[in-house]
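Structure assessment
These are the residues of each chain, in order.
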Amino acid sequence: MKRSLIIIPTYNEADNVSKIIPEVLAQDEGFNVLIVDDNSPDGTAKLVKEMQKTNLRIHLIERPNKLGLGTAYVAGFRYALTHGFDLVFEMDADFSHDPKSLVKLLAKAGEYDLVIGSRYISGVNVVNWPMRRLILSYSANLYTRIITGLPVKDATAGFKCYRRAVLETFDLDSIKSNGYSFQIETNYLAWKHGFRIYEVPIVFTDRREGVSKMSKHIVFEAAWMVWKLKFRGLFSKEND
Ligand SMILES: Nc1nc2c(ncn2[C@@H]2O[C@H](COP(=O)(O)OP(=O)(O)O)[C@@H](O)[C@H]2O)c(=O)[nH]1
Ligand SMILES: [Mg+2]
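These lines cover the structure that appears in this document, whether it is placed above or below. (Residues numbered from 1 in each chain as written. Chains lettered and ligands numbered in written order. Predicted model: local features only at pLDDT ≥ 70, side-chain atom pairs only at ≥ 80, totals over all residues. Heavy atoms only, no water.)

We now examine the overall build of the protein chain. Summing up its helical and strand segments, the protein chain has 8 helices and 9 strands in all. The C-alpha atoms of the protein chain give a radius of gyration of 17 Å, which matches the 18 Å a tight globule of 240 residues would have. Overall, the C-alpha framework of the protein chain stretches about 50 × 40 × 35 Å when taken along its three principal axes. With 240 residues in all, the protein chain has 51% of them scored as buried. With an accessible surface of roughly 11,200 Å², the protein chain has 57% of that area assigned to carbon and sulfur atoms. Side-chain charges in the protein chain split into 32 positive and 28 negative, and the spacing between the mean points of these groups amounts to 3 Å. (Helix = DSSP H or I, 4+ residues; strand = E, 2+ residues; numbered from the N terminus. Rg over C-alpha atoms; globule rule 2.2 N^0.38 Å. Buried < 20%, exposed > 50% of the residue type's maximum accessible area, 1.4 Å probe, protein only. Areas by Shrake-Rupley, 256 points an atom, 1.4 Å probe, with all protein chains shown as cover. Lys, Arg positive; Asp, Glu negative; His and termini not counted. Charge placed at Lys NZ, Arg CZ, Asp CG, Glu CD.)

Near ligand 1 you find 19 residues, and of these Glu13, Asp38, Arg207, Ser212 and Lys213 are the closest. Ser212 places a side-chain nitrogen or oxygen 2.6 Å from an oxygen atom of ligand 1. When ligand 1 sits alone it has 580 Å² of accessible area, and the protein chains cover 93% of it. Taken atom by atom, the bulk of ligand 1 overlaps the largest pocket. Every element with two or more residues in the shell around ligand 1 is listed here: strand S1 (4–10) and helix H3 (69–82). Per-class residue counts for the shell around ligand 1 are 8 nonpolar, 3 polar and 8 charged. (Near = heavy atom within 4 Å. Polar contact = N/O pair within 3.5 Å; in protein donor to acceptor, adjacent residues only side chain to side chain. 1 Å grid on protein atoms, 1.4 Å probe; cavity = no way out; pocket = protein on both sides within 12 Å on 5 of 7 lines; lining within 4 Å. Sits in = over half its atoms within 2 Å of the grid points. Nonpolar A, V, L, I, M, F, W, Y, C, P; charged D, E, K, R; others polar.)

Next up on the list: the pattern of salt bridges. In total, this model carries 12 salt bridges according to the counting rule given. The closest approach of N and O atoms between Lys53 and Glu50, which form a salt bridge, is 3.1 Å. Lys53 sits in the exposed class, given a relative accessible area of 63%. The class for Glu50 is partly exposed, based on a relative accessible area of 48%. (Salt bridge = Lys/Arg side-chain N within 4 Å of Asp/Glu carboxyl O.)

The next subject is unusual backbone geometry. Backbone phi values are negative for most residues with the exception of glycine, while trans is the configuration of most peptide bonds. Look at Phe95: it is not a glycine, yet its phi comes out positive at around 70 degrees. Within the fold, Phe95 resides in the loop between strand S4 (87–90) and helix H4 (102–108). On the accessibility criterion, Phe95 (7% relative accessible area) is buried. With a phi close to 70 degrees, Asn128 is a non-glycine residue in the positive phi region. Mapped onto the secondary structure, Asn128 falls in the loop between strand S6 (126–127) and helix H5 (131–148). Note on Asn128: relative accessible area 61%, which makes it exposed.

Judged by side-chain polarity, Tyr143, Trp224, Trp227, Phe231, Leu234 and Phe235 come together as a nonpolar surface patch covering roughly 700 Å² of accessible area. For the nonpolar patch, the element with the most residues is helix H8 (residues 216–235), which contributes 5 residues. For Tyr143, a relative accessible area of 31% corresponds to the partly exposed category. (Patch = residues over 30% accessible without salt bridge, like charges linked within 9 Å, V, L, I, M, F, W, Y side chains within 5 Å.)

A separate point is the packing of helix H1 (residues 14–25) against helix H2 (residues 44–52). Across the interface, H1 lies against H2 with an axial gap of 8 Å and an inter-helix angle of 30 degrees. Between H1 and H2, the angle is such that the two are roughly parallel. In this structure, H1 meets H2 at a crossing whose hand is right-handed. Along its contact with H1, which presents Ala14, Val17, Ser18, Ile21 and Pro22, the element H2 presents Thr44, Leu47, Val48 and Met51. In the contact of H1 with H2, the residues fall into 7 nonpolar, 2 polar and no charged. (Axes fitted to C-alpha atoms, helices over the stretch in contact; angles between N-to-C directions. Parallel < 35°, antiparallel > 145°, perpendicular 65-115°, else oblique. Left-handed = near helix turned anticlockwise from the far one by under 90°. Contact = heavy atoms within 4.5 Å.)

In contact at an axis separation of 7 Å, H3 and helix H7 (residues 179–192) are set at 45 degrees when each is read in the N-to-C sense. The angle between H3 and H7 places the two elements in the oblique class. Along its contact with H3, which presents Leu69, Gly70, Tyr73, Val74 and Phe77, the element H7 presents Gly179, Phe182 and Gln183. Per-class residue counts for the contact of H3 with H7 are 5 nonpolar, 3 polar and no charged.

The structure is reproduced here in structure tokens:
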């Protein structure tokens, strides 16, 4: 059995965290959860610590303040590598990613190095999102594909599974981007290294509780990242 770490970054997810952890752990005996919390004012980390008392499969990293989604994942990747996990998942705390779909990603992780839970594989599988967010996300993906050539339909998805070999090739110190930009960058790096990428269709549902931390800044950062990757790709010989 493979040891898997499901990394869930949290910022003010007290309403979701105590529900999502048991649901995730119930999906597979090899699953462990790592919450990366940025000192959420609503006490998210306190709830996690309470749950840790009775369950050794729950892990927690506490950071001093809101440092962003990208570096939260980087902290999680480091933890996974030093603690000997074979598979490393990314997932949101807000039930946009259905815990039951984790096993769909797991099923492909033997054959592929990076598995992405994709909203745009068979049409559009998004529930309850305002139309402007859907258009933004869909066009961002089209834009990314056209400019970088990355053969991924949902490059901004935050529901993913990496084999540890992929993370071992990343220069984790150099990854500074956040949100969507972080997802595009990690997919691009995996692709340029020649890793096998597979997208499984999943249904994405808008958050049940709490509020989104999406911002204009995160969108601009991603738009800029696409060009950075394109130019980096033009001047490097990796895999070409
Ligand atoms: N640790 C940490 N988690 C964050 C941060 N920003 C967002 N998150 C978490 O990342 C996940 C996705 O964020 P969300 O607000 O749902 O973004 P959206 O789905 O794009 O609207 C959620 O689990 C958030 O709690 C951050 O700065 N630090
Ligand atoms: Mg969300």
